[in-house]
Amino acid sequence: MSAVDHAVDELSGALDQADRDVLAALPDQPGLRARETGRVRAIGEAVAEVEGLPGVRAEELVRFAGGRLGVALDLAPDHVGVVLLDDAQGISAGDEARRERRVLDVPVGEGLLGRVIDPTGRPLDGRGRLRSSGRLPVQRPAPAIMDRDPVRRPLQTGITVIDALIPVGRGQRELIIGDRQTGKTAVAVDAILDQADTGVAAVYCAVGQRESSVAKVIAELREHGALERTTVVVAGGDAPVGLQYTAPYAATSIAEHLVARGRDVLVVYDDLTRHARAYRELSLLLRRPPGREAYPGDVFYLHARLLERATQLRAHLGGGSLTALPIVETQGEDLAAYIPTNLISITDGQILLSTRLFRRGQFPAVDVGRSVSRVGGKAQLPAYRGVAGELRLAYARFEELERFTRYGARLEESQRLQFERGRRVRAVLRQRQRQPRAVVEQLAELVAVTEGLLDDVEPDDVAEACARLHRVARDHGELRARIEGGEPLVGDDRARFVDILRRALADTGS
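In this report, we go over the structure that sits alongside the text. (Residues numbered from 1 in each chain as written. Predicted model: local features only at pLDDT ≥ 70, side-chain atom pairs only at ≥ 80, totals over all residues. Heavy atoms only, no water.)

Looking only at helices and strands, the chain features 16 helices and 17 strands. Of the contacts formed within the chain by residues at least 6 apart in sequence, a portion of 73% connects residues at least 24 apart. Here the chain displays about 23,800 Å² of accessible surface, and carbon together with sulfur accounts for 50% of that area. (Helix = DSSP H or I, 4+ residues; strand = E, 2+ residues; numbered from the N terminus. Contact = heavy atoms within 4.5 Å. Areas by Shrake-Rupley, 256 points an atom, 1.4 Å probe, with all protein chains shown as cover.)

Across the interface, helix α13 (residues 439-450) lies against helix α15 (residues 477-484) with an axial gap of 9 Å and an inter-helix angle of 100 degrees. On the basis of the axis angle, α13 is roughly perpendicular to α15. Of the residues in α15, those touching α13 at V439, V440 and L443 are R480, I483 and E484. Here the contact of α13 with α15 is built from residues that sort into 4 nonpolar, no polar and 2 charged. (Axes fitted to C-alpha atoms, helices over the stretch in contact; angles between N-to-C directions. Parallel < 35°, antiparallel > 145°, perpendicular 65-115°, else oblique. Nonpolar A, V, L, I, M, F, W, Y, C, P; charged D, E, K, R; others polar.)

On to the pattern of salt bridges. Overall, the coordinates contain 45 salt bridges when judged by the stated rule. R41 is the salt-bridge partner of D78, the closest N and O atoms lying 3.5 Å from each other. Here D78, found in the loop between β4 (69-75) and β5 (80-84), pairs with R41, found in strand β1 (residues 37-43); they are 37 residues apart in sequence, far enough to count as distant. Classification of D78 as partly exposed rests on a relative accessible area of 47%. Taking the relative accessible area as the measure of exposure, R41 reaches 33% and is therefore partly exposed. The partner of R99 in a salt bridge is E60, and the shortest N-O contact between them spans 2.8 Å. One end of the pair, R99, is in strand β6 (residues 96-103); the other, E60, is in strand β3 (residues 60-63), and 39 residues separate them in sequence. What emerges from the salt-bridge pattern is a single network uniting R41, E49, D78 and R287. (Salt bridge = Lys/Arg side-chain N within 4 Å of Asp/Glu carboxyl O. Buried < 20%, exposed > 50% of the residue type's maximum accessible area, 1.4 Å probe, protein only.)

Packing of helix α14 (residues 462-475) against helix α16 (residues 491-507) brings their axes to within 10 Å, and their N-to-C directions diverge by 130 degrees. With respect to their mutual orientation, α14 and α16 come out oblique. You can see that α14 and α16 cross each other, and the crossing is right-handed. Together, A465, R468, L469, V472 and A473 of α14 and F497, I500, L501, A504 and L505 of α16 make up the contact between the two elements. Split by residue class, the contact of α14 with α16 holds 9 nonpolar, no polar and 1 charged. (Left-handed = near helix turned anticlockwise from the far one by under 90°.)

Turning next to unusual backbone geometry. Here the residue pair D270 and D271 is connected by a cis peptide bond, since its omega of -5 degrees sits within 30 degrees of zero. Checked against the element boundaries, D271 lands in the loop between β13 (264-270) and α6 (272-285). The peptide bond linking F363 to P364 adopts the cis configuration, its omega dihedral lying at -5 degrees. Here P364 lies in the loop between α9 (355-359) and β17 (372-373). In the Ramachandran plot, Q181 falls in the positive-phi region, its phi being about 60 degrees despite a non-glycine side chain. Along the polypeptide, Q181 turns up in the loop between β10 (175-179) and α3 (184-193). Assessed through its relative accessible area of 54%, Q181 is described here as exposed. Unlike most non-glycine residues, E293 shows phi in positive territory, near 55 degrees.

Purely spatial values, then, with no claim about function.
So this is what it looks like as structure tokens:
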């Protein structure tokens, strides 16, 4: 290389380095960025057909005119079926639609407790912006099997019939099922209210509900001081169908953020019948093949992938738990209907609310014979186990004898005594709404009725007698601490407890 050529190379290198130094000294400038856009081919009330987005992915966000959002749910060769998350007004055929290159997500964090939001994270309570710790996708995989621990810890609901006979454990999926207006939401809300001293946070997800019903639940949570530890996710009956479809998944992601930090969270889905109907409507609008009752073929997967996210994490992952209480509505107590059957097979048991019991004034109207908890018994406090078996057996005998007496059958003396004992068991299990009972209060009335201490009390007076038992049981703090600490109520402890209850009833002239 000649000296001239060498000098030219050195000068070029120096100029290149100078250019790089100048560019590095400049502030960051917005550069050119490729943006994939398409056109709206057709628009309906809940879905839009978009052409010209060849790279769009399933569950990806699509933005329309006016900032309205949708989710790409149906990827066809010549168009994309987009489910709208906002009102379709203002979107017309021919409008531009562009990829957001991200999936639908929701804000998460402790700052969401006490707030009312929609599934996209927009506040609905008029309290300004959310204080979030980040965002999580609404569609997330369930924890792996090796990341889960067995369900061992109880989740007390404060409802005697549930805690004693159909117990729920932290990390369990327990279905609440029954006809409309039988108290399904009341049971779930009572479970939230009973977590005041347990440190369990809650997420209440309303899907397709009337605004007045949701407002009533929020007012009750606020009145009892539970709203500050609850996030309410609302996609009401007037909300776009896309939001109703998204709401349960968004609520679960909000809960999972707390679970990952070692918190125990209770999630109520109210209800998944309306959620399935919203998905059916979207699927029909997207021209997917209908199946049984016009539901698409993947409707089972719709709820399976949601409820599988309920879990008890292992200690090295924080040890948090997500307990799910999905609600499903039946017609005429038909448990063989499509959606109820699916959910019964997915969950770990069901609490069945009976129209027959509801009309008789039995609140909560739990049908003990057809309700079951497949996991919670292993997480139930040991003190319950000594009375739960006797109680269930006495109640089953009572219901059988009640059917006989309905047709005028005469009972033998032993059967009559069993029948009278059963009447008092039913009276003990009757409980007013929004009045959760502590563990020791529940055990006081359960031990009293199984030991026959209430046999001489008229069924109409059982509630008053139980109130006295509650007061006496609360006064014995040492016994209460041992029971709540997981010690069984057997032997001398049970005999002493029975004696305390017997003297309490005798001292009041019962």
